[in-house]
Amino acid sequence: MSRVLMKGNDAIGAGAIAANCRYYYGYPITPQNEIGEYMSSEMPKAGGVFIQAESEVAAINMVYGTSATGARVMTSSSGPGISLKMEGISYIAAAELPCVIVNIMRGGPGLGNIAPSQSDYFQATKGGGHGDYRLIVLAPSSVQEIYDFTRQAFYLADKYRIPAIILGDGFLGQMMEVVELADSAKDDEYARIPEKPWAITGCKGREKNIVNTLLIEPDTLEKHNWKLKDKYQQIAENEKRADLYRVDDAEILVAAFGISARISKEAVDMARDEGIKVGLIRPITLWPFPDHVFKNLDSVKGILTVEMNTGQMIEDVRLSVEGKIPVEFYGRTGGNLPDSTAIFEEIKRMGGM
Amino acid sequence: MSTVLKKTRSLEDTKLHYCPGCSHGIVHRLVCEVIDEMEMREQTVGIAPVGCSVFLDAYFDFDIIQAAHGRAPAVATGVKRALPENLVFTYQGDGDLASIGMSEMVHAAARGERITIIFINNTNYGMTGGQMAPTTLEQQVTTTTPAGRDTRLAGFPIQVPELLSSLPGAVYLSRVSAHNPKNINKAKKSIRKAFQAQMDGLGFSLVEILSTCPTNWRMNPVQSIQWLEENMMEIYPLGELKSVEGVS
Ligand SMILES: Cc1ncc(C[n+]2csc(CCOP(=O)(O)OP(=O)(O)O)c2C)c(N)n1
Ligand code: SF4
């Protein structure tokens, strides 16, 4: 195992290659340009393919084609580009093809700005494209997690035949931290590509395979929709993940994901030093949302959701507590960070101090 | 009794959903015959468009991917890069290719992707009921040009192979027609050349096929053949627009 100092965006590329992803298609957009640049130099060395596509629309459709052949494939972008990919994502979800899509979030709506943000939570977790579908959404909060979750995303995508999203932000993409790289000699379940008998490879020695999203008969489409629903149910049962910090005796909880959770952790420690019983819940899978960790919180009097948007994940927190606990919000937008002392003040206020 | 003609292996033995007199069925047969003559059925991947030919998987007995409207060349790119030894082609109408999918087509050609586009030009959007397409002729009546295409308001027809011909990545560009036996035979030869250029690794190839859409042209099949000859061929002259050295 080797330790290297790495930028978040580069760690995505390194994680993908470690997971045996050999195809990357993307279109430049800040703050994730390093991913494409990394892939343009590293993919050929790994015997893979890099294409700078003419648009995000083309890139996601190249992903659709390569994924249909059974190979591991990735694309990355940020807000405006992810919006363009939504048509393709809907088709990929409908066709039950595995792939990894990275969104290093920047400020929106519109062109917004290139500063970090968490305002694509709804888009990633609630749809964005048309139709009744879900995606697995992983939210890292360190460069190490970016590397690990990227590898895991390929594994989960193949396991369930579903697109998986890495939802990071401009801070995570740009910052440098030490990363422990996977040992390529070790048998690695994330790097192993399963058999894909459904893949489009030419029909040599078998019946033809078809990848299709048009199901013109209402009964056929309805059956497909319920089949997808069953799969999403299964993912929800197996794959929910959250990180819990100092929650055992907590009377106040902070709920935050990604970089906001890291800042909130500092605020939790500051409040603990003052004797306030506060803990942190950090959802790691944003879909499936880890609602189970918000149940049976008998000692908890209030939850503070902290996000870099005007309040998106808070809706899932509220759904999870089913009205039993008041849920409040603190957020910053436009590329501004929630400050740990400001979060600390919110915690103190909620604690009646 | 001896068999003089039989359905080629790659063509499914099933009823086509196309209207009487529609060219789609003929072109399906030509594509399948060429694939079988090249003995490529088991190495072929076809990309279906959105349009009347969206159901390619029902008619072709080889691997098929159905793409989003206009995106087939990007999907084909993703397939070909992963399966460089396979024959990869898209089959697209004029709305799919020359309107919503213009960018994907041009850039696949610019990159010299080793794919082939089979392009059905029937001067309108068949599947959605006969609206104007980029290929609709000047003064042609469609459901969205009820007074005839007025070029001052709705622009001019696009000649696709001509448009692509300046791109070095495009190595074989031709226009053929499927309206009578002589031209159908020529069309088949052209499809073969385009597929061969791809398999020889030369670059991007496209065959435009002038096609009839009697239903939306509000004509019977015979009238539609006549209309194609009298009106389409002038704007869309037949021939090989580009065939670089090495194409055979
Ligand atoms: C994004 C999107 N826009 C519009 C449509 C509706 N649509 C279906 S087929 C079609 C036109 C197809 O026409 P053409 O490509 O000329 O093929 P033809 O049916 O004539 O063979 C359109 C606009 C769609 N399916 N998807
Ligand atoms: S509408 Fe036109 S293109 Fe479509 S099947 Fe009928 S004749 Fe053919």
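Within each chain, residues carry numbers counting from 1 in the order of the written sequence. Each chain is given a letter, starting from A, and each ligand a number, starting from 1, according to the order in which they appear as written. Two thresholds apply to this predicted model, a pLDDT of at least 70 for residue-level local features and 80 or more for giving and counting side-chain atom pairs, whereas whole-chain, interface and lining totals are computed over all residues. Here the side-chain values reflect all heavy atoms present in the structure, with hydrogen atoms and water set aside.

### Remarks on the overall build of chain A
Phase 1: Strands here mean DSSP runs of E at least two residues long; helices mean DSSP runs of H or I at least four residues long; both are numbered from the N terminus. Counting its regular elements, chain A contains 11 helices and 15 strands.
Phase 2: Here the C-alpha radius of gyration of chain A, 21 Å, is about what a compact globule of 353 residues would show, namely 20 Å.
Phase 3: On the principal axes, the C-alpha backbone points of chain A span a range of 70 × 50 × 45 Å.
Phase 4: Looking at chain A residue by residue over its 353 residues, the buried ones come to 59%. Only C-alpha atoms enter the radius of gyration; for comparison, a globular chain is expected to reach 2.2 Å times N to the power 0.38, where N is the number of residues. Relative accessibility under 20% of the residue-type maximum defines a buried residue, over 50% an exposed one, and the middle range a partly exposed one, all with a 1.4 Å probe and only protein chains included.

### Let's talk about the layout of surface pockets
Residues and elements named next belong to chain A.
Phase 1: Taken as a whole, the largest pocket encloses approximately 570 Å³ of empty space.
Phase 2: Along the walls of the largest pocket sit 26 residues, with Arg 134, Lys 229, Tyr 232, Gln 233 and Trp 287 positioned nearest its centre.
Phase 3: Contributions of two or more residues to the lining of the largest pocket are made by helix 5 (121-126), helix 8 (218-239), strand 13 (285-287) and helix 10 (313-321).
Phase 4: No other element matches helix 8, which puts 7 residues into the lining of the largest pocket.
Phase 5: Taken together, the residues that form the lining of the largest pocket break down as 10 nonpolar, 8 polar and 8 charged.
Phase 6: Both domains that meet at the lining of the largest pocket, namely domain 1 (2-238) and domain 2 (242-350), each give it at least three residues. Buriedness for pockets is judged along seven lines, at least five of which must meet protein on both sides within 12 Å for an open set on the 1 Å grid over protein atoms alone, while cavities are sets there where a 1.4 Å probe fits but cannot get out, and lining residues have an atom within 4 Å of a point. Grid points are joined across faces, edges and corners, and a volume is the space filled by probe spheres set on the points. Here the term charged refers only to Asp, Glu, Lys and Arg, the term nonpolar to Ala, Val, Leu, Ile, Met, Phe, Trp, Tyr, Cys and Pro, and the term polar to all other amino acids, Gly among them. Those domain boundaries reflect an automatic or database domain assignment.

### Things to note about a nonpolar patch on the surface
Residues and elements named next belong to chain A.
Phase 1: A cluster of nonpolar side chains, Leu 5, Met 176 and Val 178, forms an exposed patch at the surface whose accessible area comes to about 300 Å².
Phase 2: Looking at the secondary structure, you find Leu 5 in strand 1 (residues 3-7).
Phase 3: Here Leu 5 falls in the exposed class, since its relative accessible area comes to 57%. Residues qualify for a patch when their relative accessible area is over 30% and they have no salt bridge, like charges being joined within 9 Å and the nonpolar side chains of Val, Leu, Ile, Met, Phe, Trp and Tyr within 5 Å. The accessible surface values rely on the Shrake-Rupley method and a 1.4 Å probe; as for residues, cover is taken only from the protein chains in view. Each reported salt bridge corresponds to a side-chain nitrogen of Lys or Arg within 4 Å of a carboxyl oxygen of Asp or Glu.

### A look at the site of ligand 1
Residues and elements named next belong to chain B.
Phase 1: With respect to spatial proximity, 16 residues lie near ligand 1, and among them Cys 52, Asp 94, Asp 96, Gly 126 and Met 127 are the closest.
Phase 2: Between an oxygen atom of ligand 1 and a main-chain N or O atom of Asp 96, the distance comes to 2.8 Å.
Phase 3: Taken by itself ligand 1 offers 600 Å² of open surface, and the protein chains cover 76% of this.
Phase 4: If you list the elements that add at least two residues to the shell around ligand 1, you get helix 4 (94-100) and strand 5 (124-125).
Phase 5: No other element matches helix 4, which puts 4 residues into the shell around ligand 1.
Phase 6: Residues of the shell around ligand 1, tallied by class, amount to 5 nonpolar, 9 polar and 2 charged. One heavy atom suffices: a residue is near a molecule or strand as soon as one of its heavy atoms comes within 4 Å of it. Any pair of N or O atoms that falls within 3.5 Å is considered a polar contact. Within protein, one atom must be able to donate a hydrogen and the other to accept it, and sequence-neighbouring residues count only if both atoms are side-chain atoms.

### Details of the interface of chain B and chain A
Interfaces are frequently sized by the accessible area removed from exposure as the parts join.
Phase 1: The partner chain A presents 33 residues to the 35 residues of chain B that form the contact.
Phase 2: When two parts are put together, the accessible area they lose, computed with a 1.4 Å probe and summed over both, is reported as buried area. Summing the contributions of chain B and of chain A, the shared interface buries around 2600 Å²; its carbon and sulfur component is 58%.
Phase 3: Area buried by chain B at its contact with chain A is led by Glu 42, Asp 63 and Gln 66 of chain B, which between them contribute 22% of it.
Phase 4: Across the contact surface, chain B and chain A share 5 salt bridges. Whether two residues are in contact is decided by their heavy atoms, any of which lying within 4.5 Å being enough.

### Describing the pattern of salt bridges
Phase 1: A full pass over the atoms with the stated rule returns 41 salt bridges over all chains.
Phase 2: Linking Glu 328 of chain A and Arg 349 of chain A is a salt bridge whose minimum nitrogen-to-oxygen distance equals 2.8 Å. Residue Glu 328 of chain A is found in strand 15 (residues 327-331), and its partner Arg 349 of chain A is found in helix 11 (residues 340-350); the two are separated by 21 residues along the sequence.
Phase 3: On the basis of relative accessible area, Glu 328 of chain A is assigned to the partly exposed category, the value being 29%.
Phase 4: The class of Arg 349 of chain A is partly exposed, set by a relative accessible area of 44%.
Phase 5: For Glu 113 of chain B, the salt bridge is made with Arg 111 of chain B, and the minimal N-O distance between the two is 2.6 Å.
Phase 6: The network of salt bridges with common partners includes Lys 204 of chain A together with Arg 9, Arg 41, Glu 42 and Asp 61 of chain B.

### Structural notes on the sheet that holds strand 15 of chain A
All names here are of chain A.
Phase 1: Pairing is mixed in the open sheet, where 5 strands are placed in the order 10-12-11-14-15. Of all the strands in the sheet, the pair left with one neighbour each is strand 10 (242-245) and strand 15. Each strand of the sheet is rotated relative to its neighbour by a mean of 20°, with strand direction disregarded.
Phase 2: Being paired, for any two strands, means DSSP has found at least two bridges between them. In the sheet, strand 10 pairs with strand 12 (residues 278-283) via 4 bridges, with the strands oriented antiparallel. Bridge pairing in strand 12 links Leu 244 to Ile 281.
Phase 3: Its contacts with the sheet place helix 9 (residues 258-273) against strand 10, strand 11 (252-255), strand 12 and strand 14 (302-307), and it is angled at close to 170° to strand 12.
Phase 4: All axes are obtained by fitting lines to C-alpha atoms, using only the stretch in contact for helices, and the reported angles, taken between N-to-C directions, cover 0 to 180 degrees. Sheet contacts for helix 11: strand 11, strand 12, strand 14 and strand 15; angle to strand 14, the most-contacted strand, approximately 165°.

### Let's talk about the pairing of strand 4 (residues 73-77) of chain A
Each regular strand displays side chains that alternate between the two surfaces of the sheet.
Residues and elements named next belong to chain A.
Phase 1: Taking burial as the measure, the 5 residues of strand 4 include 5 buried ones, the bulk of the element.
Phase 2: Burial along strand 4 is two-sided: the face carrying Val 73, Thr 75 and Ser 77 and the face carrying Met 74 and Ser 76 are both buried.
Phase 3: Note that strand 2 (residues 23-26) and strand 4 share 2 bridges and pair parallel. When the bridges of strand 4 are listed, Tyr 24 appears paired with Met 74.
Phase 4: Relative to strand 5 (residues 99-105), strand 4 runs parallel, the two sharing 4 bridges. Residue Ser 77 lies in a different strand from strand 5, and its bridge partner there is Asn 103.
Phase 5: By the criterion used throughout, a crossover qualifies as right-handed when its path from the first strand across the helix to the second strand runs clockwise, the strands pointing away from the viewer. At this point the chain moves from strand 4, through helix 4 (residues 79-94), to the parallel strand 5, and the crossover so formed is right-handed.

### Considerations on unusual backbone geometry
Residue and element names in this part refer to chain A.
Phase 1: Cis peptide bonds are those with omega within 30 degrees of zero, and the linkage from Gly 108 to Pro 109 qualifies with 0°.
Phase 2: On the secondary structure map, Pro 109 appears in the loop between strand 5 and helix 5.
Phase 3: A cis geometry characterises the amide bond from Trp 287 onward to Pro 288, with omega recorded as 0°.
Phase 4: Backbone geometry places Asn 20, a non-glycine residue, at a positive phi of 65°.
Phase 5: Tracing the backbone through its elements, the reader meets Asn 20 in the loop between helix 1 (8-18) and strand 2.
Phase 6: At Glu 96, a residue that is not glycine, the phi angle is positive and equals roughly 55°.
Phase 7: Topologically, Glu 96 is positioned in the loop between helix 4 and strand 5.
Phase 8: Classification of Glu 96 by relative accessible area gives buried; the value is 8%.

Remember, this is a structural readout, not a statement about activity or role.
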